[in-house]
Amino acid sequence: MNSTIPYSARWQALAVLLMGAFLSPLDFFIVNVALPAMQLDLHASSSELQFIVTGYGAVYAVFVVTGGRLGDIYGRKRIFMTGMCLFTLTSAACAMASNAEVLIAARILQGLAAALLAPQVLSSIRVIFPAMEQPKAMGLFGATFGLAAIAGQLCGGVLLEWQPFGLTWETVFLINVPIGLIAIVLALLVIPENRPEKRPKLDIPGVVLISITLFLFIYPLIKGREAGWPLWVFICMAMSLPFGLWFIRTEQRVTALGRDPLIYLKLFKDKRFVTGLAVIFLFNNTASFFMIYPVYLQSGFHWTVLSAGLAVLPYAAGFFIGPLLSAVLAKKYKDHVLTIGLSLLSIGFILSAGVLWYDPLPGEFLYGALLCAGIGHGIVMPVVVRMVLADIPIATAGLAAGIVSTAIQLGSALGVAVIGTLFFSILPFVGSYTNAFIIALLVLGSLELTALYYGIKMKRS
């Protein structure tokens, strides 16, 4: 592919790439809806249910940097298609699982597939679109996540109610299969192969060390809240530090020898890149909202799973609308769009807390505040990712996309762990689910204000 001439079929290629981007968040939302049905049909324990969710998320987070680097080495189209084939096969395997153990194993492989798939989408957008078109392309990328949130909540509830062909939870995995098959065929036809002229070699010691480091930190972070924060959680997280230092030393040695490291540490000397990662990390603490809001409605007011899922739709709708607005706003306000998005997100959470103080039941004012937060969320996501990747050399686009994806996963995991733990821990002391939820929303609003501070610093750097 000639990097000086824009690829003529780039918008068709984007449509296929977004099919891949759609599947991973869809899986997050839709599987959560189906957990009670899985427990009933597979006789799964609560611990096994947790592994069905955390196995996928942990493997995805641990291997996404490696997945991005593989795209740089072997070609982003090739790794995208490999990931899509594996994701489609493992989705079918999940649907055919006869017990919880088989389902957990299939979900782990599905997480590995997502780690191969996801970074190729971001890096390919960075490579095949000229700078002036990237705001629009990234806006559509962000809108895909909002669409996945809506589809996950609605389709999950509808499929479980409808039970086509007598199937229940199996349908939430089978829905991935036709999407995956169509994407594989179209990817073969319209996505251009893109990789550096000089192919780097895979740094195996780096892959092993960063995988161990991320696993030791991310898995106990994901598992800790449900397990009640036992001692082993903190020991594992502490052990991630020496392995992380070992990884850094290894990468320095590989670079000094003139070989290709897994991660070019000089990326972290780029102030804009590092500040952007801080914004992404803080911003993605919003993942905790999708966990505690349904719990608030189901446990506090005994709403059904479907009703609680529908109550999330104003936020999810904003999440879909925001990225579409971001490209338009970027033309007029340039990098100020990030400030606008983070301000709307912070205000939305703080307003939601104020509304609930007066009326604990969701109504039009709460839905309006959540729509505001969702629009802010949707504006921020494509803008900050585009700003972080804008100056990254094409040769390391996959690596940078993998690092960005890791920051997203770390922020999401830490948000769910910390804010989820806060929510459940203060329940006995604040007297109601409403008060606990208000405090959680205020903490989320404060975190997004901190992200706003770093976003302003990033804009100035």
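Residues numbered from 1 in each chain as written. Predicted model: local features only at pLDDT ≥ 70, side-chain atom pairs only at ≥ 80, totals over all residues. Heavy atoms only, no water.

Visitor: What's the story with the overall build of the protein chain in this structure? I'm lost.
Guide: Check the secondary structure of the protein chain and you find 17 helices and 0 strands. A buried classification covers 58% of the 461 residues belonging to the protein chain. In the protein chain, 84% of the contacts between residues at least 6 apart in sequence involve partners at least 24 apart. By element, 70% of the accessible surface of the protein chain is carried by carbon and sulfur atoms, the whole surface being about 18800 Å². Positive and negative side-chain charges in the protein chain, numbering 28 and 20 respectively, have mean positions lying 14 Å apart. (Helix = DSSP H or I, 4+ residues; strand = E, 2+ residues; numbered from the N terminus. Buried < 20%, exposed > 50% of the residue type's maximum accessible area, 1.4 Å probe, protein only. Contact = heavy atoms within 4.5 Å. Areas by Shrake-Rupley, 256 points an atom, 1.4 Å probe, with all protein chains shown as cover. Lys, Arg positive; Asp, Glu negative; His and termini not counted. Charge placed at Lys NZ, Arg CZ, Asp CG, Glu CD.)

Visitor: Is there a simple way to think about the packing of aromatic side chains in this case?
Guide: For any pair of aromatic rings, the description consists of the separation of the ring centres together with the inter-plane angle of the planes. If you walk through the whole model with that rule in mind, you get 21 aromatic pairs. Both rings, one in tryptophan 11 and one in phenylalanine 129, keep their centres 4.7 Å apart while their planes meet at 65 degrees; by these two values the pair is edge-to-face. Of the two residues, tryptophan 11 sits in helix 1 (residues 10-42) while phenylalanine 129 sits in the loop between helix 4 (100-128) and helix 5 (134-162), which places them 118 residues apart along the sequence. Exposure remark for tryptophan 11: the relative accessible area of 29% places this residue in the partly exposed category. The exposure class assigned to phenylalanine 129 is buried, which follows from its relative accessible area of 3%. On the numbers, 6.2 Å between centres and 80 degrees between planes, the contact of tryptophan 169 with phenylalanine 173 is edge-to-face. Note on accessibility: tryptophan 169 and phenylalanine 173 belong to one class, buried. Each residue in the set Phe289, Phe290, Tyr293, Tyr296, Phe301, Tyr315, Phe349 and Phe437 is aromatic and connected to the rest through ring pairs, giving one cluster. Seen from the ring of tryptophan 11, lysine 136 lies directly overhead, with NZ or CZ sitting 5.1 Å from the centre. (Phe/Tyr/Trp six-rings, centres within 6.5 Å; stacked < 30°, edge-to-face > 60°. Lys NZ or Arg CZ within 6 Å of the ring centre and 35° of its normal.)

Visitor: Looking at this model, I keep getting lost on the packing of helix 2 (residues 46-74) against helix 4. Mind explaining?
Guide: Helices that pack against each other are described as a pair by the angle of their axes relative to one another and the distance between those axes. Contact pair helix 2 / helix 4: the axes reach a minimum separation of 6 Å and the direction vectors enclose 30 degrees. Comparing their axes, helix 4 and helix 2 come out roughly parallel. In the packing of helix 2 onto helix 4, the handedness of the crossing is right-handed. In terms of residue class, the contact of helix 2 with helix 4 is built from 19 nonpolar, 7 polar and 3 charged. (Axes fitted to C-alpha atoms, helices over the stretch in contact; angles between N-to-C directions. Parallel < 35°, antiparallel > 145°, perpendicular 65-115°, else oblique. Left-handed = near helix turned anticlockwise from the far one by under 90°. Nonpolar A, V, L, I, M, F, W, Y, C, P; charged D, E, K, R; others polar.)

Visitor: Help me understand the packing of helix 1 against helix 3 (residues 76-95), please; the structure alone is not making it clear to me.
Guide: Running from N to C, helix 1 and helix 3 point in directions that differ by 40 degrees, and their axes come no closer than 11 Å. It follows that helix 1 is oblique to helix 3 by the angle criterion. Along this stretch, helix 1 crosses helix 3, giving a crossing that reads as left-handed. Within the contact between the two elements, helix 1 uses Val16, Leu17, Met19, Gly20, Leu23 and Asp27 and helix 3 uses Phe80, Met84 and Phe87. In the contact of helix 1 with helix 3, the residues fall into 7 nonpolar, 1 polar and 1 charged.

Visitor: Teacher, can you tell me more about the environment of leucine 122 here?
Guide: Its place among the elements puts leucine 122 in helix 4. Assessed through its relative accessible area of 2%, leucine 122 is described here as buried.

Visitor: Just checking my understanding: could you explain helix 4 for this structure?
Guide: Three or four residues apart is the spacing at which side chains of an α-helix point the same way, because the helix has 3.6 residues per turn. Relative to the 42 Å expected for 29 residues at 1.5 Å per residue, helix 4 spans 42 Å between its end C-alpha atoms, a close match to the ideal helical length. Within helix 4, 23 of the 29 residues are buried, leaving the element largely enclosed by the surrounding structure. (Expected span 1.5 Å × (residues − 1).)

Visitor: Is there a simple way to explain the state of the cysteines in this structure?
Guide: Formally, a disulfide is one covalent bond, and it connects the sulfur atom of one cysteine to the sulfur atom of another. The final tally for this structure, using the stated rule, is 0 disulfides. There is no disulfide at cysteine 155, and the cysteine sulfur nearest it, in cysteine 94, is 18 Å away. Judged by its relative accessible area of 28%, cysteine 155 is partly exposed. (Disulfide = S-S within 2.5 Å.)

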